[in-house]
Amino acid sequence: MTGSWNGTATVSGQTVTIKNAGHNGTLAPGAATTGVGFQATRPNGNTALPSGYTCA
């Protein structure tokens, strides 16, 4: 993983976990959620598609 936004990321082997950041952890009733995202890179020549995404 090379970057993320609106979340705190941890990496353990091939598992990336993103949790809320301090500024967006609590939303008021009726408030909109913020977007979260990340950027990843892979070794040269690796053309495999990522798989195994889950949200919890």
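The structure under discussion appears in the preceding block.
Let us look at the structure shown here.

About the thresholds
Residues numbered from 1 in each chain as written. Predicted model: local features only at pLDDT ≥ 70, side-chain atom pairs only at ≥ 80, totals over all residues. Heavy atoms only, no water. Patch = residues over 30% accessible without salt bridge, like charges linked within 9 Å, V, L, I, M, F, W, Y side chains within 5 Å. Areas by Shrake-Rupley, 256 points an atom, 1.4 Å probe, with all protein chains shown as cover. Salt bridge = Lys/Arg side-chain N within 4 Å of Asp/Glu carboxyl O. Helix = DSSP H or I, 4+ residues; strand = E, 2+ residues; numbered from the N terminus. Pairing = 2+ DSSP bridges.

All right, on to a nonpolar patch on the surface then. Where nonpolar side chains cluster on the molecular surface, the patch consists of Met1, Val11, Val16, Ile18, Val36, Phe38 and Tyr53 and spans about 640 Å² of accessible area. Mapped onto the elements of the fold, Val11 is located in strand β2 (residues 7–12).

This paragraph deals with the pairing of strand β3 (residues 15–20). Pairing of β2 with β3 involves six bridges; the strand directions are antiparallel. Bridging across to β3, Gly7 finds its partner in Asn20. If you look at the hairpin formed by β2 and β3, you'll find two residues sitting between the two strands, and Gly13 has a positive phi there, around 65 degrees.

Let us look at the environment of Thr15. By the secondary structure assignment, Thr15 is in strand β3. For Thr15 and Leu49, which are 34 residues apart along the polypeptide, the C-alpha to C-alpha distance reads 15 Å.

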